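A closer look at the structure
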Amino acid sequence: MRNQLSKIVLIAAAVILSLVFLYPTYQDYQFRKTLVSLTGKDSLSYYEKHQDDIRSAKEKRIKLGLDLQGGMRVVLEVNVVQLLEDVAKNKDDNFRAIMTEFKSQASANDETLIPGFTKKFIDRGIRLSRYYGNIRDTDDKIIKDLGDETGKAIDRAIEIVRNRVDQYGVSEPAIQKQGAGRIIVELPGVKDESEVRSLLQGTAKLDFRLLKDAEISYKVMQSIDNFLSGKVAGDTTAAGKAAKKKEEKPKDALQELLGSTQTSTTDTSKEAQFLKEHPFFSYVVPDQRGSGEGYVEDRNRDRVARLLARPDVQKLLPLDLEYLWSAKTYKASDGKKFYTIFPVKKTIELSGSVLVGAQASVSPEDNRPIVNMEMNSEGSREWARITGANINKRIAIILDNSVFSAPVVHGKITGGRSQISNIESSNEARLLEIVLKAGALPAPVAIVEQRTIGPSLGEDSIKSGLSASALAFIFTVLFMVVYYKMGGAIADFALLFNVLFLLGVLAGFQATLTLPGIAGVILTMAIAVDANVLIYERIREEMQGGKTLRAAIDAGYAKAFTAIFDSNLTTFLTGVILYQFGTGPIQGFALTLMIGIVASMFSAIVITRVIFNIMTDKGVTPSFG
């Protein structure tokens with residue numbers, strides 16, 4: 001017994017270590033079981049109380065692959081064409097014409113995109129330095145630089161997507177580049193498709209811009225309404241003014257919408273007449289508080305967006321004004337939902353590049369979710385200057401061309417702090433925090449392919465995998481017991497340790513268990529008992545040769561070791577090759593196979609040997625069939 005003490009300590013240490021690594025998996029299972037049993041506030045209260053432990057257990061548990069727990073597979077396409085447009089300078093009509101033509105022909109995933117784009121300028125005799133690089137740069141240098149720029153942009157996009165996914169808390173995501181401009185993202189366990197789309201597609205371009213004066217905004221709205229209704233617009237002659245005055249004398253469009261003289265909504269003929277006379281104000285209701293904003297019912301948003309995008313309507317807007325939509329709708333007293341259009345100056349006062357931190361929180365005033373933002377020293381100075389110079393004016397906080405809020409500046413803000421409000425839920429606040437922390441994507445991305453594996457399919461895969469593993473284990477155990485009697489039972493006992501060590505190593509390295517991985521576990525069981533079969537057959541031969549039981553056991557392990565080591569080594573090397581050059585499911589199979597081989601050698605050679613030595617020391621004679 002004393003001779004076996006060092007080996008017993010080694011086995012005990014391996015068992016304890018495996019159990020320690022597997023404990024977070026057990027914890028995670030218990031936490032999820034408890035959360036499922038609770039509802040409403042109880043569930044939220046329990047999560048808030050144990051959120052650190054829950055997060056820690058989730059991070060350290062054995063991860064399940066996409067095929068086992070369900071999830072999403074998304075293919076993103078980086079809009080390289082838009083990037084080429086964004087980085088250009090001195091854009092004129094020639095550039096816009098070439099860009100419009102190229103957009104209709106190009107594919108964002110085309111390897112020849114940059115050469116094809118630059119060729120259109122060269123064919124027209126236009127030097128690329130007119131829009132890119134420095135004036136002294138040759139076309140060849142600019143083509144090379146654009147290629148490098150787009151390559152870096154895609155790599156940067158991959159890194160930002162990875163940061164967002166990591167902060168979102170997805171276990172073992174798979175993110176890889178495909179072709180010239182696509183990114184494949186696999187997210188196990190994700191169920192909320194809309195959240196994932198927002199997380200991956202949002203460019204996180206943050207701007208701070210001033211709002212245009214309300215009076216100017218209303219005049220622009222009036223001009224649009226007059227133009228769309230066919231009234232005289234911009235005619236400054238006496239006849240034109242008289243015609244305009246005569247047309248609008250009975251009821252000004254703004255007064256008709258805001259005042260007590262508004263047409264009854266129950267009179268359809270008057271409704272039709274109002275729509276004919278005021279095609280813009282029929283869909284856009286100016287703010288009665290005089291803010292310069294307009295309200296659009298959610299069902300009319302696309303119609304108004306098309307109206308505002310018309311080139312002839314765009315000409316009516318001042319050069320430094322554009323209307324941007326609110327990020328969220330608000331619900332009126334009658335239950336209807338409305339978007340807000342904000343009259344925003346085109347000049348960006350401050351960009352999101354100055355952000356160094358973002359934190360989801362709750363407003364102490366109304367307990368609504370907010371996101372607090374912190375700027376670097378340069379941003380702090382600029383923010384203090386901007387707010388100090390625009391007291392009592394409104395500054396819009398714009399994310400991805402949607403206005404989240406437009407607070408009034410009541411005084412100079414120092415310290416570089418600001419916040420985004422008008423957030424509906426804590427989940428949305430957390431998503432905003434993630435995308436702001438991860439940074440802005442260098443170019444817009446679009447989801448071109450999406451596949452969702454439902455949790456029920458994943459559960460079926462788990463059940464099938466567990467059933468296959470259980471059957472493989474049972475048949476292996478029965479075969480060994482029937483054929484090798486007590487020796488087989490000892491091999492089966494060691495097999496339990498083999499599976500424990502395998503799962504412990506998977507948990508320790510936070511590896512991902514997939515369906516092919518389960519196949520690797522099953523194969524490992526066969527490899528483990530195969531080693532014992534070789535050993536037991538050698539022991540039988542030695543006993544038949546007249547050796548004592550103890551001598552036969554020693555000789556059997558010694559002589560079988562070379563064959564066991566060689567066969568396991570070649571299988572392990574095969575696993576290394578599969579893991580190195582395979583992808584996805586192949587890597588999952590190879591990983592469990594390699595871990596299983598090491599665990600099986602330890603259990604088959606060390607553990608069973610210790611048990612046999614203890615038995616012979618105590619005078620117990622094991623049988624080998």
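A brief report on the enclosed structure follows. Keep in mind that this is a model prediction, so the values were computed, not measured.

Their axes nearest at 11 Å, the elements helix 1 (residues 5-37) and helix 20 (residues 585-617) cross at an angle of 130 degrees. One finds that helix 1 runs oblique with respect to helix 20. In this structure, helix 1 meets helix 20 at a crossing whose hand is left-handed. Across the interface between the two elements, Lys 7, Ile 8, Leu 10, Ile 11 and Ala 14 from helix 1 touch Phe 602, Val 606, Ile 607, Val 610 and Ile 614 from helix 20. Tallied by class, residues from the contact of helix 1 with helix 20 come to 9 nonpolar, no polar and 1 charged.

Turning to the packing of aromatic side chains, a few remarks are in order. Inspection of every chain in the model, using the stated rule, returns 23 aromatic pairs. Ring centres 5.6 Å apart and planes at 10 degrees place the aromatic pair Phe 479 and Tyr 483 in the stacked group. Pair noted here: Phe 479 and Tyr 483 are both in helix 17 (residues 455-508), with a separation of 4 residues, about one helical turn. What makes Phe 479 partly exposed here is its relative accessible area of 47%. Through a chain of ring-to-ring contacts, the aromatic side chains of Phe 95, Phe 102, Phe 117, Phe 121, Tyr 131 and Tyr 132 assemble into a single cluster. Across from the ring centre of Tyr 339, 4.7 Å away, lies the NZ or CZ of Arg 301, which sits over that ring.

Pairing between sheet strands relies on hydrogen bonds along the backbone, with the strands arranged either parallel or antiparallel. With antiparallel pairing, 4 strands are arranged side by side in an open sheet as 3-4-2-17. Each edge of the open sheet carries a strand with a single partner, namely strand 3 (174-178) and strand 17 (445-453). When the angles between neighbouring strand axes are averaged without regard to direction, this sheet yields 15 degrees. Relative to the sheet, helix 8 (residues 193-201) contacts strand 2 (71-78), strand 4 (182-188) and strand 17, its axis offset from that of strand 17 by approximately 150 degrees.

As a further point, take helix 15 (residues 377-389). With 13 residues, helix 15 ought to run about 18 Å at 1.5 Å a step, and its terminal C-alpha atoms sit 18 Å apart, in line with that. Those residues of helix 15 that fall on the buried side of the exposure criterion are Gly 379, Ser 380, Trp 383, Ala 384, Ile 386 and Thr 387. Against the buried residues of helix 15 lie strand 5 (206-210), strand 11 (350-351), strand 13 (369-375), strand 14 (395-399) and strand 16 (417-420). Put simply, Asn 376 is the residue that caps the front of helix 15, since its side-chain oxygen is 3.3 Å from the backbone nitrogen of Glu 378.

With that settled, the discussion passes to the pattern of salt bridges. All chains considered together, the criterion is met by 30 salt bridges. Arg 209 serves as the salt-bridge partner of Glu 322, at 2.5 Å between the closest nitrogen and oxygen. With Glu 322 in strand 8 (residues 321-326) and Arg 209 in strand 5, the pair connects residues that are 113 residues apart, well separated along the chain. Note on Glu 322: relative accessible area 24%, which makes it partly exposed. Residue classification places Arg 209 among the buried positions, given a relative accessible area of 5%. Among the ionic pairs, Arg 310 bridges to Asp 312, the shortest N-O distance being 2.8 Å. With relative accessibility at 33%, the residue Arg 310 sits in the partly exposed group. Relative accessible area serves as the criterion here: at 29%, Asp 312 is assigned to the partly exposed category. Within the structure, one salt-bridge network assembled from shared partners comprises Arg 538, Glu 541, Glu 542, Lys 547 and Lys 559.

We now examine the pairing of strand 15 (residues 402-405). When strand 8 meets strand 15, the two strands line up parallel, connected through 2 bridges. Note on strand 15: the bridge partner recorded for Trp 325 is Ser 402. The sheet contact formed by strand 14 and strand 15 spans 3 bridges and is antiparallel. For Ile 397, the partnering residue across the bridge sits in strand 15 and is Ser 405. Linking strand 14 to strand 15, which pair antiparallel, is a turn of 2 residues; within it Asp 400 sits at a positive phi near 55 degrees.

If you look at the biggest cluster of nonpolar residues, it comprises 69 residues, and the most contacted ones within it are Tyr 132, Leu 206, Phe 208, Ile 420 and Leu 436. Take this core: its biggest share by element is 10 residues, from helix 7 (residues 139-168). Setting aside residues no more than four positions away along its own chain, Ile 420 makes contact with Leu 206, Ile 370, Val 371, Met 373, Ile 397, Phe 404, Leu 432 and Leu 436.

Analysis parameters
- Residues numbered from 1 in each chain as written.
- Predicted model: local features only at pLDDT ≥ 70, side-chain atom pairs only at ≥ 80, totals over all residues.
- Heavy atoms only, no water.
- Axes fitted to C-alpha atoms, helices over the stretch in contact; angles between N-to-C directions.
- Helix = DSSP H or I, 4+ residues; strand = E, 2+ residues; numbered from the N terminus.
- Parallel < 35°, antiparallel > 145°, perpendicular 65-115°, else oblique.
- Left-handed = near helix turned anticlockwise from the far one by under 90°.
- Contact = heavy atoms within 4.5 Å.
- Nonpolar A, V, L, I, M, F, W, Y, C, P; charged D, E, K, R; others polar.
- Phe/Tyr/Trp six-rings, centres within 6.5 Å; stacked < 30°, edge-to-face > 60°.
- Buried < 20%, exposed > 50% of the residue type's maximum accessible area, 1.4 Å probe, protein only.
- Lys NZ or Arg CZ within 6 Å of the ring centre and 35° of its normal.
- Pairing = 2+ DSSP bridges.
- Expected span 1.5 Å × (residues − 1).
- Polar contact = N/O pair within 3.5 Å; in protein donor to acceptor, adjacent residues only side chain to side chain.
- Salt bridge = Lys/Arg side-chain N within 4 Å of Asp/Glu carboxyl O.
- Core = buried A, V, L, I, M, F, W, Y, C linked by side-chain atoms within 4.5 Å.

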